[in-house]
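Observations on the three-dimensional arrangement
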Amino acid sequence: MATLLSQGHSQARASWRDYLELTKPKVVVLMLITSLVGMFLATRAGVPWEVLLFGNLGIGLCAGAAAAVNHVVDRRIDSIMARTLKRPVVNGRVSPVAALSFAFILAVLGQALLLTFTNELTAWLTLASLVGYAVLYTGFLKRATPQNIVIGGLAGAAPPLLGWVAVTGHMSAEPLLLVLIIFAWTPPHFWALAIHRKEEYAKADIPMLPVTHGEHYTKVHILLYTLVMFAVSLLPYVIHMSGVLYLACAVALGARFLQWAWVLYRDSKPHAAIRTFKYSIAYLFLLFIALLVDHYLMLNL
């Protein structure tokens, strides 16, 4: 009885901020930026406002639903790691049942918006991305293999494809190239954080690469994947999808990323892992903004 009363008290203290936190809003915002860029790159005309507003809202709601499921499935891990100790499900402010119900509502609303205002292909691809992250990655891959982030990264790389398909109704090489950029970016981005949080992942018994193979091995792979990412990031210019402005930005941003990967490999600066992780977020944001600016610059030439 005391436990039930305690749980009821915890639930009473849940606020809208707790439910917002379940959606991992910072991650969703970055995903929506890439989705927006995918939409605008897909057309030489303007994006219809219904697709722009409700398409991104639908994609964002589904991404938030996947994040909420992640909070529930990872609550044991989150209770061990310092950066996630205060999450609402861990602290009991939101129960697992409430969080899953919230995720279900978000997913249904998101799918309804996509089916109503975009097209079936966008809805199906978004659903596949949701299941890929919430079920395959969070529920299985994360605990099964040190290559979890490589295999599971495809789900997180989907937003620019979703944005493109929401406008055009079909897939093509260009949005798949945008997916490939994020897919190549994900391992160095996340492995840098995994090095920084290595002891916590080990304590939680999660087979992240620095836990299973050591920091040096991980740093080598961060450097190699960054080289791959740098090469892939130049392909939009090679296939004439973008122009010189994007090329200059991609080279400058990629060179800086390579510098951080080298600094991390050599261990030549303090806190290099977390600083590399933070730069990787800025890198992706600025690279996609460069794609967008270059697209409209080319249209006006």
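Summary of the structure given here.

About the thresholds
Residues numbered from 1 in each chain as written. Predicted model: local features only at pLDDT ≥ 70, side-chain atom pairs only at ≥ 80, totals over all residues. Heavy atoms only, no water. Core = buried A, V, L, I, M, F, W, Y, C linked by side-chain atoms within 4.5 Å. Buried < 20%, exposed > 50% of the residue type's maximum accessible area, 1.4 Å probe, protein only. Helix = DSSP H or I, 4+ residues; strand = E, 2+ residues; numbered from the N terminus. Phe/Tyr/Trp six-rings, centres within 6.5 Å; stacked < 30°, edge-to-face > 60°. Lys NZ or Arg CZ within 6 Å of the ring centre and 35° of its normal. Patch = residues over 30% accessible without salt bridge, like charges linked within 9 Å, V, L, I, M, F, W, Y side chains within 5 Å. Areas by Shrake-Rupley, 256 points an atom, 1.4 Å probe, with all protein chains shown as cover. Salt bridge = Lys/Arg side-chain N within 4 Å of Asp/Glu carboxyl O. Contact = heavy atoms within 4.5 Å. 1 Å grid on protein atoms, 1.4 Å probe; cavity = no way out; pocket = protein on both sides within 12 Å on 5 of 7 lines; lining within 4 Å. Points joined across faces, edges and corners; volume = space filled by probe spheres on them. Expected span 1.5 Å × (residues − 1). Axes fitted to C-alpha atoms, helices over the stretch in contact; angles between N-to-C directions. Parallel < 35°, antiparallel > 145°, perpendicular 65-115°, else oblique. Left-handed = near helix turned anticlockwise from the far one by under 90°. Nonpolar A, V, L, I, M, F, W, Y, C, P; charged D, E, K, R; others polar.

Attention now goes to the nonpolar core. Ranked by size, the top nonpolar core spans 56 residues in total, and within it W185 and Y283 carry the most contacts. Secondary structure elements with two or more residues in this core: α3 (25-41), α8 (120-144), α9 (148-156), α10 (159-168), α11 (173-196), α14 (215-233), α16 (244-266) and α17 (272-299). Here this core takes 13 residues from α11, the largest share from any one element. In this structure, C62, F102, A103 and L113 belong to the second largest nonpolar core, which totals 19 residues.

Scanning all chains against the criterion turns up ten aromatic pairs. Seen in terms of ring centroids, W49 and F54 are 6.1 Å apart; in terms of plane orientation they differ by 55°. Their pairing is tilted. The exposed category is assigned to W49, whose relative accessible area is 54%. Seen from their ring centres, F257 and Y283 are 5.2 Å apart, and the 80° between their planes marks the pair as edge-to-face. You can see F257 sitting in helix α16 and its partner Y283 sitting in helix α17, a full 26 residues away along the chain. Given the relative accessible area of 0%, F257 is considered buried. Here a set of aromatic residues connected by ring pairs shows up, and it is made of W49, F54 and F117. The residue whose ring lies beneath K269 is W260, and the NZ or CZ to ring-centre distance is 5.4 Å.

On the surface, a cluster of nonpolar side chains totalling about 490 Å² of accessible area is made up of L180, L235, Y237, V238, I239 and V244. As for its placement among the helices and strands, L235 is situated in helix α15 (residues 235-238). Under the relative-accessibility criterion, L235 is labelled partly exposed at 30%.

With that settled, consider α9. For α9, every residue scored as buried is listed here: N148, I149, V150, G152, G153 and A155. Packed against the buried residues of α9 are α8, α10, α11 and α14.

As a further point, take the layout of surface pockets. One number sums up the size of the largest pocket: a volume of about 1,400 Å³. If you go around the largest pocket, you meet 47 residues; those closest to its centre are K24, V27, Y133, H189 and F190. At the level of secondary structure, the elements contributing two or more residues to the lining of the largest pocket comprise α3, α4 (49-73), α5 (75-78), α8, α9, α10, α11 and α17.

It is worth spelling out the pattern of salt bridges at this point. Considering all chains together, one arrives at eight salt bridges under this definition. R93 is the salt-bridge partner of E21, the closest N and O atoms lying 3.7 Å from each other. Placement of the pair is E21 in helix α2 (residues 16-22) and R93 in the loop between α6 (88-91) and α7 (96-117), with a sequence separation of 72 residues. Taking the relative accessible area as the measure of exposure, R93 reaches 14% and is therefore buried. The salt bridge involving E200 is made with R197; its shortest N-O contact spans 3.2 Å. With a relative accessible area of 17%, E200 lands in the buried category.

Take I77: it is sitting in helix α5. On the basis of relative accessible area, I77 is assigned to the buried category, the value being 2%. The spacing of I77 and E200 is 123 residues in sequence and 8.9 Å in space, taken between C-alpha atoms. The residues contacting I77, other than those within four sequence positions of it, are T84, R143, A204 and I206.

Attention now moves to α16. Between its first and last C-alpha, α16 extends 32 Å over 23 residues, near the 33 Å set by a 1.5 Å rise per residue. Taken from the residues just after α16, D267 is the one with a positive phi, measuring 55°.

Put simply, α8 and α9 touch, their axes get as near as 8 Å, and they point 165° apart. Comparing the axis directions of α8 and α9 gives the class roughly antiparallel. When you trace α8 past α9, the crossing you get is left-handed. Judged by residue contacts, S129, G132, Y133, Y137, L141 and K142 of α8 engage N148, I149, I151, G152 and A155 from α9. Residues that form the contact of α8 with α9 fall into these classes: six nonpolar, four polar and one charged.

So, on to the environment of I59. Summarising the element assignment, I59 is placed in helix α4. Judged by relative accessible area, which is 4%, I59 ranks as buried. The spacing of I59 and T218 is 159 residues in sequence and 32 Å in space, taken between C-alpha atoms. Once residues lying within four places of it in the same chain are set aside, the contact partners of I59 are L32, S35, L114, T126, L162 and G163.

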